[in-house]
Amino acid sequence: MELINKMLDGDKRACARLISIVENDEKESEKLIKTIYKHTGKAHIIGITGPPGAGKSTLTDKYVKLLRKSDYKVGVIAVDPTSPYTGGAILGDRIRMNDLALDPGVFIRSMGTRGYLGGLAKATRNAVKILDASGCDYIIIETVGVGQSEVDIVKAADTVVLVMVPGLGDDIQSIKAGIMEIGDLFVVNKSDIFGAQRTATEINMMLDMSQDMDRRPPVVMVTANQNKNIEQMEQEIQKHYQYLVDNGLLEERRKKNIKRELLELVEEELKKLVIRETENNGELDSMTESLFNKETDPFTLRDVLLSRIK
Amino acid sequence: MFDNEKFKQLKEARRNWEEKDLNKSLSRSPERKEEFKTGSGDKVERLYTPEDINDLDFMDEIGFPGQYPYTRGYQPTMFRGRLWTMRMYAGFSTAEESNKRYKFLVDQGSTGLSVAFDLPTQIGYDSDHPLAEGEVGKVGVAIDSLADMEILFDGIDLEKVSTSMTINSPASVLLAMYIAVADKKGVSPEKLRGTIQNDILKEYIARGTYIYPTEESMRLITDIFEYCSKNVPQWNTISISGYHIREAGSTAAQEVGFTLADGIAYVEAAIKAGLDVDSFAPRLSFFFNAHNDLLEEVAKYRAARRLWAKIMKERFGAKKPQSMMLKFHTQTGGSTLTAQQPDNNIVRVAIQTLAAVLGGTQSLHTNSKDEALALPTEDSVRIALRTQQIVAHESGVTNTVDPLAGSYYVEAKTKEIEDKAMEYITKIDELGGAPRAIDAGYIQKEITDAAYKYQMDVEKGDVVVVGMNKFKVAEKAPQGLLKVDPMVGEMQKKKLVELKEKRDNEAVSEKLIALKKACEGTENLMPYIVEAVREYATLGEICDVMREVFGEYEQSVML
Amino acid sequence: MDKPIRVLVAKPGLDGHDRGAKMIARALRDAGMEVIYTGLRQTPEQIVAAAIQEDVDIIGMSILSGAHNHLFPKVIGLLKEQDAEDIMVIAGGVIPEDDIPALKEAGVAAIFTPGALTTEIVQFIRDNVKR
């Protein structure tokens with residue numbers, strides 16, 4: 001496709017168009033990813049997550065500006081929640097990244113969660129692949145860490161940065177356990193506010209309690225809107241990447257993600273296959289009926305369905 | 001207010017009335033609506049009686065005009081002593097054009113000047129800045145340097161007239177220019193009377209002409225407080241504004257609550273900067289809106305006065321009575337006026353004028369009927385001015401002080417708004433004060449929520465806007481609207497070129513360097529700005545020096 | 001799920017009155033669209049760059065400062081330059097009737113003046129968006 005070639009050359013419109021395809025058109029999306037897959041795997045992928053109000057967008061803006069000083073090409077995907085009632089979304093992260101709109105070395109795309117469980121992770125992963133193929137050195141996925149799908153997104157990242165702020169009324173403990181465990185780096189933003197030190201201390205206490213850690217995630221204090229100490233965060237991200245590379249963990253981690261992606265794709269197709277086979281002729285309904293009437297059990301029927309595929 | 005026995009009788013009588021007379025009337029013809037609401041969307045009861053205000057202590061809460069807590073007015077004789085200042089906000093195109101309009105207004109009876117600046121000026125850009133393209137002279141007058149300021153006030157006696165300047169981020173520069181112009185006319189600073197808006201927090205919240213970040217902006221503001229208390233003692237150094245907050249869609253209680261919370265932040269900043277509260281508080285002034293629900297608006301102004309007095313006395317320990325008096329300017333609500341059937345706007349403005357006057361405003365701008373379409377022509381602004389004059393001289397409401405006091409409804413509403421506003425202030429205190437609440441987007445979100453609710457009410461038809469969603473007519477395009485000369489931008493650019501050739505560029509450079517150094521330190525910046533202005537440094541040059549040192553504000557939006 | 005309509009809502013120029021833009025943003029969201037809101041002080045270049053990266057169907061601009069005759073044609077010009085003319089441009093704010101024909105001629109698909117309802121705007125978008 002001509003679009004793909006343009007994108008590989010770094011054309012932003014082509015990039016944008018292709019991202020829309022992976023958001024909207026499954027069939028085209030597959031064709032597209034098949035073609036560009038061999039061009040992926042070069043970028044350092046960073047996930048930035050945290051509760052609403054933590055200042056992630058401002059932080060991302062400052063971090064990207066820092067990266068740009070060394071002339072790196074950067075892609076940003078900013079994810080915001082889609083309203084479950086209306087299907088619409090206000091994607092407002094760009095506001096804090098206005099200066100970057102005209103930077104030729106930066107591409108920013110806003111995505112809504114669109115109510116797809118797991119589907120979002122797929123669309124984002126594919127958007128990341130496109131940015132990767134187009135030549136980005138760094139790709140930042142910025143998202144609100146309050147749901148399972150957000151946790152899934154950042155699992156696709158090499159480095160996960162968890163942003164916290166003092167005084168949001170949430171104890172560290174009340175933040176979803178799953179999210180705390182995936183942090184490779186903790187950033188306490190708005191550290192000019194009273195209570196910032198206490199937040200850092202709470203995080204450290206929680207880290208103290210976790211046994212079985214090969215590497216203890218560092219805790220960095222920044223004040224994003226005053227551009228304070230972003231350099232330390234950048235260094236720690238670099239250090240984490242180096243740590244992964246030095247210990248063969250980057251390859252291990254990425255292979256784990258790739259394997260998971262492959263299995264997910266298979267699972268999805270298998271399910272579709274079974275449904276296609278059994279839905280139209282009413283077989284799925286009659287199976288459900290017989291289970292409801294306790295005439296048989298789910299495991300027996302599972303084996304029946306599987307035996308047909310083998 | 002009533003003794004127990006009489007009170008019991010009243011309750012009994014009311015019950016009687018409800019069971020007999022009211023029910024009979026309702027069964028014959030029900031009321032027009034399920035619920036009746038104020039302009040802000042609050043429920044209004046069918047009837048208010050002494051029951052509703054029985055807890056109010058007349059002496060403590062209502063009292064006398066000119067006495068704490070100033071509910072009835074800041075001064076004992078109010079409009080019997082002196083009418084409010086009829087101060088019409090004006091300015092467009094070049095200083096020459098605006099000067100003509102000011103003279104016209106004074107001629108027609110306005111008693112104070114009010115300067116509207118264009119957007120490049122308000123944001124500290126000269127007319128030749130790339131971002132000024134297309135904006136020069138459109139919403140106000142373009143002022144690039146002292147030279148323009150001299151033309152703006154040509155033939156105007158700055159000793160006799162008081163001037164309000166709607167300028168915020170570069171207020172220091174425009175004030176410096178005003179002082180320099182007056183100086184050239186032989187009027188010393190102690191004689192100057194006027195106001196600068198100088199309220200950065202509401203820019204962040206609702207108006208958008210910010211330049212510098214919060215802390216640095218607060219420094220400029222407190223520098224102005226200090227400078228004026230010593231050198232320009234009759235000048236109102238700030239006009240803490242609720243007008244724009246209301247225009248952005250807030251309720252009346254939010255207008256009071258958020259404005260006073262901003263006021264609290266300014267007082268705290270000034271105290272932190274080492275100023276004694278009584279040294280600057282008497283020169284703080286306020287700026288409120290006047291919307292259509294007349295009775296709610298009157299209650300709002302009274303609530304604001306009472307609440308501010310209490311805050312100044314109890315929270316800040318002010319000793320001087322003048323520190324506790326809330327004095328305010330009012331503008332009739334632009335957002336209430338329609339593009340459809342614009343003549344109707346004259347009626348709306350008349351109602352809003354009544355509201356502001358019954359509420360005890362010190363100064364008033366009335367909008368013209370073409371508000372939703374363009375800047376006012378001479379004809380339409382004259383009607384707006386006449387509206388004030390008719391209320392002043394023909395309506396009788398100025399014959400006595402605070403005539404609506406004692407109304408069961410108005411007193412109950414005053415208390416209700418005061419209480420609600422105080423709740424907002426408490427919440428903002430919990431968030432760490434107005435600046436932090438703004439960073440967190442709390443105030444903006446509250447306003448947007450209120451605005452959206454109102455928008456939906458209008459679109460559903462629950463709120464009637466005459467001529468717009470009811471009583472519509474097919475209309476021709478309006479004629480005779482004011483058009484700003486599109487060549488203004490080019491004219492100003494030429495003037496700038498000439499200015500830079502004529503002035504002493506070395507002196508300008510020197511003064512700008514001195515200003516930069518002062519910005520990096522902690523000295524009061526006003527004297528440096530005055531020096532730079534005198535040498536005809538441009539507004540853009542001065543503001544750019546400050547931009548270099550202070551940086552720029554980054555917007556924070558919560559949708 | 002139907003592909004949602006994507007709209008860029010922008011405030012071009014120096015005008016800081018954003019009540020209208022915010023109302024539109026919310027209304028479009030409530031109508032199931034994805035709204036990228038840019039905030040204040042957008043240059044035409046920033047608006048077009050964002051519109052392209054976000055692959056929006058529509059750009060909606062709100063302006064009350066009188067600078068529309070200068071700014072709208074600039075945005076449309078830039079879209080043409082960058083081969084993005086298929087992005088529809090609509091506008092709202094204080095825009096005199098007299099100026100509207102020229103703006104439409106320049107390529108603004110619709111102009112919503114004071115009193116326009118959000119429902120009208122949603123309907124216009126639904127009826128006219130090119131897909």
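Draft legend 1. Geometry of the overall build of chain C. Looking only at helices and strands, chain C features 5 helices and 5 strands. Across chain C, helices and strands are ordered from the amino to the carboxyl terminus as β-α-β-α-β-α-β-α-β-α. Radius of gyration (C-alpha) of chain C: 13 Å, near the 14 Å computed for a compact globule of 131 residues. Each of the three principal axes of chain C carries a C-alpha extent, and together these read 40 × 35 × 25 Å. Going through the 131 residues of chain C one by one, you find that 63% of them count as buried.

Draft legend 2. The arrangement of the interface of chain B and chain A in detail. Listed per partner, the contact involves 6 residues of chain B and 8 residues of chain A. Note on chain B versus chain A: buried area summed over both sides is about 700 Å², and carbon and sulfur give 44% of it. At the junction of chain B with chain A, the criterion picks out 2 salt bridges. Between Glu554 of chain B and Lys62 of chain A there is a salt bridge whose closest N-O contact spans 3.0 Å. Here the residues of the side of chain B that touches chain A sort into 2 nonpolar, 2 polar and 2 charged.

Draft legend 3. Just the sheet that holds strand S4 (residues 194-196) of chain B, in detail. Residues and elements named next belong to chain B. With parallel pairing, 9 strands are arranged side by side in an open sheet as S5-S4-S3-S2-S1-S9-S8-S7-S6. Pairing within the sheet leaves two strands with one partner each, and these edge strands are strand S5 (235-236) and strand S6 (238-241). Looking at chain direction, S4 and S5 are connected through 2 bridges and run parallel. Looking across to S5, one finds that Gly194 is bridged to Trp235. Across the sheet, helix H16 (residues 378-394) touches strand S1 (85-90) and strand S9 (363-365), and the angle it forms with S1 is around 165°.

Draft legend 4. A look at a nonpolar patch on the surface. Residue and element names in this part refer to chain A. Taken together, the side chains of Leu262, Val266, Leu270, Leu273, Leu306 and Ile309 present a nonpolar region at the surface, about 460 Å² in accessible area. Only helix H10 (249-279) and helix H12 (298-309) provide two or more residues apiece to the nonpolar patch. Per-element accounting of the nonpolar patch gives the leading share, 4 residues, to H10. Here Leu270 shows up in helix H10. We classify Leu270 as partly exposed; its relative accessible area is 37%.

Draft legend 5. Expanded view of the pairing of strand S3 (residues 58-63) of chain C. All names here are of chain C. For S3, a buried count of 6 out of 6 residues is recorded, marking the element as mostly surrounded by other parts of the structure. Two strands pair when backbone bridges link them, and strand S1 (residues 6-10) and S3 are joined in this way by 4 bridges, in the parallel orientation. The partner of Val7 across the bridge, within S3, is Ile58. Bridging between S3 and strand S4 (residues 88-93) involves 6 bridges; their strand directions are parallel. The residue bridging Met61 from the neighbouring strand is Ala91, located in S4. Note on the crossover from S3 through helix H3 (residues 68-81) to S4: the handedness is right-handed.

Draft legend 6. Examining helix H3 (residues 26-36) of chain A more closely. All names here are of chain A. Looking at H3, one finds that the buried residues are Ser29, Leu32, Ile33 and Ile36. Projected down its long axis, H3 shows its buried positions confined to an angular sector of 95°, all on one face. Seen from the buried face of H3, the exposed residues on the opposite side, beyond 90 degrees, are Lys27 and Lys34. Two or three places before Lys27, at the start of H3, stands the capping residue Asp25, its side-chain oxygen 3.2 Å from that residue's backbone nitrogen.

Draft legend 7. Structural detail: a negative patch on the surface. On the surface, Glu279, Asp285, Glu289 and Glu295 of chain A cluster together to form a negatively charged patch. You can see Glu289 of chain A is positioned in helix H11 (residues 283-292).

Draft legend 8. Here's a closer look at the environment of Met149 of chain B. All names here are of chain B. Counting through the fold element by element, Met149 comes out in helix H6 (residues 146-152). Measuring from C-alpha to C-alpha, the distance between Met149 and Tyr178 comes to 7.2 Å, with 29 residues separating the pair along the chain. Contacts of Met149, omitting those with residues within four sequence positions, involve Ile143, Met165, Leu174, Met177, Tyr178 and Val181.

Draft legend 9. Examining the nonpolar core more closely. Grouped together as the largest cluster of nonpolar side chains are 147 residues, with contacts concentrated most on Met149, Phe153, Met165, Leu260, Trp308 and Ile542 of chain B. Per-element accounting of this core gives the leading share, 12 residues, to helix H11 (residues 252-272) of chain B. Residue-level mapping places this core at the junction of two domains, with at least three residues from each of domain 1 (58-460) and domain 2 (498-550) of chain B. When neighbours within four sequence positions are excluded, Phe153 of chain B is seen to be in contact with Asn99, Leu113, Val115, Leu158, Thr163, Tyr178, Val181 and Lys185 of chain B. By size, the runner-up hydrophobic cluster in this structure holds 33 residues, among which are Met111, Ile153, Val154 and Ala157 of chain A.

Draft legend 10. Broad picture of the side chain of Ser62 of chain C. Considering the arrangement of structural elements, one finds Ser62 of chain C in strand S3. Beyond its immediate chain neighbours, meaning those up to four positions away, Ser62 of chain C contacts Ala10, Lys11, Pro12, Ala21 and Gly92 of chain C.

Draft legend 11. Molecular detail of the interface of chain C and chain A. Listed by partner, the interface residues are 32 residues for chain C and 28 residues for chain A. With both chains or domains summed, chain C and chain A bury close to 2,500 Å², and 50% of this area falls on carbon and sulfur atoms. The shortest N-O distance in the salt bridge between Glu54 of chain C and Arg94 of chain A comes to 2.6 Å. The tally of links from chain C across to chain A stands at 20 residue pairs in polar contact (both at pLDDT 80 or more). For the side of chain C that touches chain A, the leading source of residues is helix H2 (residues 44-53) of chain C, giving 6 residues. Looking at the side of chain C that touches chain A, its residues break down into 13 nonpolar, 8 polar and 11 charged. Examined bridge by bridge, strand S3 (residues 89-91) of chain A and strand S2 (residues 34-37) of chain C share 3 bridges and lie parallel to one another. Paired with Leu91 of chain A across the two strands is Ile36 of chain C, which belongs to S2 of chain C.

Draft legend 12. Summary view of unusual backbone geometry. Residue Pro69 of chain B is bonded to the preceding Tyr68 of chain B through a cis peptide linkage, with omega at 0°. The residue Pro69 of chain B is located in the loop between helix H2 (58-62) and helix H3 (78-81) in this model. Of note in this structure, Asn229 of chain A is not a glycine but carries a positive phi near 70°. Take Asn229 of chain A: it is sitting in the loop between strand S8 (219-221) and helix H9 (230-246). The phi dihedral of Tyr536 of chain B falls on the positive side, at around 70°, and the residue is not glycine. Assignment of secondary structure puts Tyr536 of chain B in the loop between helix H22 (526-534) and helix H23 (539-550). By relative accessible area, Tyr536 of chain B is classed as buried at 18%.

Draft legend 13. Structural detail: the domain arrangement of chain B. Residues and elements named next belong to chain B. When the domains of chain B are assigned, the result is domain 1 (58-460) and domain 2 (498-550). Spacing between the C-alpha centres of domain 1 and domain 2 amounts to 29 Å. Taken together, the contacts link 32 residues of domain 1 with 26 residues of domain 2. Here domain 1 meets domain 2 over a buried area of about 2,300 Å², counting both sides, of which 64% is carbon and sulfur. Sorting the residues of domain 1 by area buried against domain 2 places Tyr212, Arg219 and Tyr227 first, and these three jointly supply 25% of that buried surface. Across the contact surface, domain 1 and domain 2 share 1 salt bridge. Note that Asp183 and Arg534 form a salt bridge whose closest N and O atoms lie 3.1 Å from each other. At the surface where domain 1 touches domain 2, the tally comes to 16 residue pairs in polar contact (both at pLDDT 80 or more). Of all the elements, helix H7 (residues 171-184) adds the most residues to the side of domain 1 that touches domain 2, at 9 residues. Of the residues that constitute the side of domain 1 that touches domain 2, the class distribution is 18 nonpolar, 4 polar and 10 charged.

Draft legend 14. View of the packing of helix H13 (residues 294-315) of chain B against helix H17 (residues 408-430) of chain B. All names here are of chain B. H17 packs onto H13 with a crossing angle of 50° between their chain directions and a minimal axis gap of 8 Å. One element, H13, and the other, H17, form an angle in the oblique class. Pair H13 / H17 crosses with right-handed handedness. Here Leu295, Glu296, Val298, Ala299, Lys300, Arg302, Ala303, Arg306, Leu307, Lys310, Ile311 and Arg315 of H13 lie close against H17, whose contacting residues are Tyr409, Val410, Glu411, Lys413, Thr414, Lys415, Ile417, Glu418, Ala421, Met422, Ile425 and Asp429. Looking at side-chain class alone, the contact of H13 with H17 contains 12 nonpolar, 1 polar and 11 charged residues.

Draft legend 15. Spotlight on the sheet that holds S3 of chain A. Sheet architecture is open: 6 strands sit in the order S3(A)-S2(C)-S1(C)-S3(C)-S4(C)-S5(C), paired in parallel fashion. Of all the strands in the sheet, the pair left with one neighbour each is S3 of chain A together with strand S5 (110-112) of chain C. Neighbour to neighbour, the strand axes of the sheet diverge by 25° on average, direction disregarded. The sheet contacts of helix H1 (residues 19-30) of chain C involve S3 of chain A together with S1, S2 and S3 of chain C, and relative to S2 of chain C the element is tilted by about 155°. Docked against the sheet, helix H5 (residues 118-128) of chain C engages S3, S4 and S5 of chain C, running at close to 170° with respect to S4 of chain C.

Quick notes on the rules
Residues numbered from 1 in each chain as written. Chains lettered and ligands numbered in written order. Predicted model: local features only at pLDDT ≥ 70, side-chain atom pairs only at ≥ 80, totals over all residues. Heavy atoms only, no water. Helix = DSSP H or I, 4+ residues; strand = E, 2+ residues; numbered from the N terminus. Rg over C-alpha atoms; globule rule 2.2 N^0.38 Å. Buried < 20%, exposed > 50% of the residue type's maximum accessible area, 1.4 Å probe, protein only. Contact = heavy atoms within 4.5 Å. Buried area = accessible area lost by both parts, 1.4 Å probe. Salt bridge = Lys/Arg side-chain N within 4 Å of Asp/Glu carboxyl O. Nonpolar A, V, L, I, M, F, W, Y, C, P; charged D, E, K, R; others polar. Pairing = 2+ DSSP bridges. Axes fitted to C-alpha atoms, helices over the stretch in contact; angles between N-to-C directions. Patch = residues over 30% accessible without salt bridge, like charges linked within 9 Å, V, L, I, M, F, W, Y side chains within 5 Å. Areas by Shrake-Rupley, 256 points an atom, 1.4 Å probe, with all protein chains shown as cover. Right-handed = clockwise from strand over helix to strand, strands pointing away. Arc of directions from axis to C-beta. Polar contact = N/O pair within 3.5 Å; in protein donor to acceptor, adjacent residues only side chain to side chain. Lys, Arg positive; Asp, Glu negative; His and termini not counted. Charge placed at Lys NZ, Arg CZ, Asp CG, Glu CD. Core = buried A, V, L, I, M, F, W, Y, C linked by side-chain atoms within 4.5 Å. Domains from an automatic or database assignment. Parallel < 35°, antiparallel > 145°, perpendicular 65-115°, else oblique. Left-handed = near helix turned anticlockwise from the far one by under 90°.

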